Amino acid sequence: MTSQEQSPSVETSSSHRMMQKGWATQLFAMELPDASKLLRQELRRTLSESLAPEEIFRISEIARVLALGIHNRWFRLFASDVNAFSEDVILWQNLWALYSANLRPLLDGDPKLTRYKALFLQRALFVGKQIRLIHALAYQHFPNQYWQEIHAYYRFAEILKCEQENVTDKLSTIDNRVNCHSTYIHTLLLDLANTSALTTQQILWTDRWLPRLARKVTSVEASVPQIGLFLEVNLEKLQGAVLRARVKDAEVMSRFSTLEELSHTLRRRRRHLITGASPADLKLGDDIDGDQATALLVHLEASWCPPDLSHVSEQTADFDAWEDSLS
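Quick caveat, the model's predicted, so the values are computed rather than measured.

Section: the environment of C162
For step 1, the next point in the chain: Tracing the backbone through its elements, the reader meets C162 in the loop between α8 (145-159) and α9 (180-192).
For step 2, the next point in the chain: A relative accessible area of 1% places C162 in the buried class.
For step 3, the next point in the chain: As a C-alpha pair, C162 and K117 span 45 residues in sequence and 7.3 Å in three-dimensional space.
For step 4, the next point in the chain: Residue contacts for C162: discarding those within four places in its chain leaves K117, A118, L121, A157 and C180.

Next comes the structure, spelled out in structure tokens:
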């Protein structure tokens, strides 16, 4: 599916409540706990019904937008409501279950679903990214078991040879240029961003910038020894990515991406800010000033792109070992 193609059309005459005209308005008019509960019930109802895979996908497209609307209300309560975080996570877990229900038909080659394979898997990876974001916003530890599902969806994209296929995602900050790889990298970089040291607003800015920044991180051939600055992830391990100073003796399920272009991008934007460019000019947003943008870029560069570390030994070439040398 190319970036010019659209997601499956939604028939508003469907008997499913989420696909009926006006249901979303009704949902958002409700008190937050009731709205969240009702949406979860509808997600579970969808799973319990005998629906065609493409119909489940159409419903999941609507449900993702509704879940994001509910999330935008929940996360503002993370500091004051002890239940807000868990309620938000459970909602997105329920949505993830919809995508999981369609995995077998997709892998079996269902023709009505296969045509949307890149879109489907990018959406599933987006849900994983969202769960990671929720943990960051609530300053909660991200359980390792989530990585199993995130890695699996990316592996399925590899198997179906659609990880680099661009799709449209109206919930992204860039149009027509997201794909499974960039959404996966978005999640990995968010995990490495040391969000515990950031304010809630800084985390939101980081998440908003990442659809563009993740496009700067490109895959490299793991079988070719290289020195530089790389992101490594092992699809079989229950953990996110680590930073490496070299590509060497890669395991079968390890994937490497270069961070060189990302590093140049971060530094270039900092230079433009210093010379008078506005954050809006650099597509960083109009709700952040130059000093705030510069401080966040410095933090992200330190987290993702430390100084030249080609001299670091293979045994210590990860972020934890480099932390003391960051400037």
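What about the packing of helix α3 (residues 53-74) against helix α4 (residues 84-101)?
For step 1, the next point in the chain: The geometry of α3 relative to α4 is characterised by a closest axis approach of 10 Å and an angle of 170° between their N-to-C directions. As far as their axial angle goes, α4 and α3 are roughly antiparallel. Of the residues in α4, those in contact with I56, F57, S60, E61, A63, R64, A67, L68, I70, H71 and W74 of α3 are A84, E87, D88, L91, W92, L95, L98 and Y99.
For step 2, the next point in the chain: When the residues that make up the contact of α3 with α4 are grouped by side-chain class, the tally is 13 nonpolar, two polar and four charged.

Some words on the nonpolar core
For step 1, the next point in the chain: Ranked by internal contacts, the top residues of the largest apolar core, which has 97 residues, are L121, W209 and W304.
For step 2, the next point in the chain: In terms of residues, this core owes the most to one element, helix α7 (residues 117-137), which gives 13 residues.

Points about the confidence of the model for the protein
For step 1, the next point in the chain: In this model, the protein carries an average pLDDT of 88, and 89% of its residues clear a pLDDT of 70 or more.
For step 2, the next point in the chain: α9 holds the highest mean pLDDT among the elements of the protein, 98, whereas helix α13 (residues 319-322) holds the lowest, 32.
For step 3, the next point in the chain: Across residues 1-14, confidence stays below pLDDT 50; counting only partners more than four residues off in sequence or on other chains, it has 34 contacts.
For step 4, the next point in the chain: For the stretch residues 310-327, pLDDT sits under 50, and the model shows 35 contacts to residues farther than four places along the chain or on other chains.

Concerning the pattern of salt bridges
Once the charged atoms of two side chains with opposite charge are near each other, the side chains can pair.
For step 1, the next point in the chain: Summed over the entire model, instances satisfying the criterion amount to 19 salt bridges.
For step 2, the next point in the chain: Here E261 and K216 are joined by a salt bridge, their closest N and O atoms 3.9 Å apart. Of this pair, E261 sits in helix α11 (residues 260-274) while K216 is found in the loop between α10 (200-213) and β1 (218-220), placing the two residues 45 residues apart along the sequence.
For step 3, the next point in the chain: The class of E261 is partly exposed, set by a relative accessible area of 39%.
For step 4, the next point in the chain: With a relative accessible area of 24%, K216 lands in the partly exposed category.
For step 5, the next point in the chain: E232 is paired through a salt bridge with R244; the nearest N and O atoms lie 2.6 Å apart. Taken as a pair, E232 in strand β2 (residues 226-234) and R244 in strand β3 (residues 242-247) lie far apart in primary sequence, twelve residues in all. Like R244, E232 is buried.
For step 6, the next point in the chain: One salt-bridge network, held together by shared partners, links R17, E42, R45 and E49.

Digging into the environment of Y153
For step 1, the next point in the chain: Locating Y153 in the fold gives a position in helix α8.
For step 2, the next point in the chain: You can call Y153 buried: its relative accessible area is 1%.
For step 3, the next point in the chain: Along the backbone, Y153 and Y99 are 54 residues apart, and their C-alpha atoms lie at a distance of 9.8 Å.

Reading the values: the criteria
- Residues numbered from 1 in each chain as written.
- Predicted model: local features only at pLDDT ≥ 70, side-chain atom pairs only at ≥ 80, totals over all residues.
- Heavy atoms only, no water.
- Helix = DSSP H or I, 4+ residues; strand = E, 2+ residues; numbered from the N terminus.
- Buried < 20%, exposed > 50% of the residue type's maximum accessible area, 1.4 Å probe, protein only.
- Contact = heavy atoms within 4.5 Å.
- Axes fitted to C-alpha atoms, helices over the stretch in contact; angles between N-to-C directions.
- Parallel < 35°, antiparallel > 145°, perpendicular 65-115°, else oblique.
- Nonpolar A, V, L, I, M, F, W, Y, C, P; charged D, E, K, R; others polar.
- Core = buried A, V, L, I, M, F, W, Y, C linked by side-chain atoms within 4.5 Å.
- pLDDT = per-residue confidence, 0-100.
- Salt bridge = Lys/Arg side-chain N within 4 Å of Asp/Glu carboxyl O.

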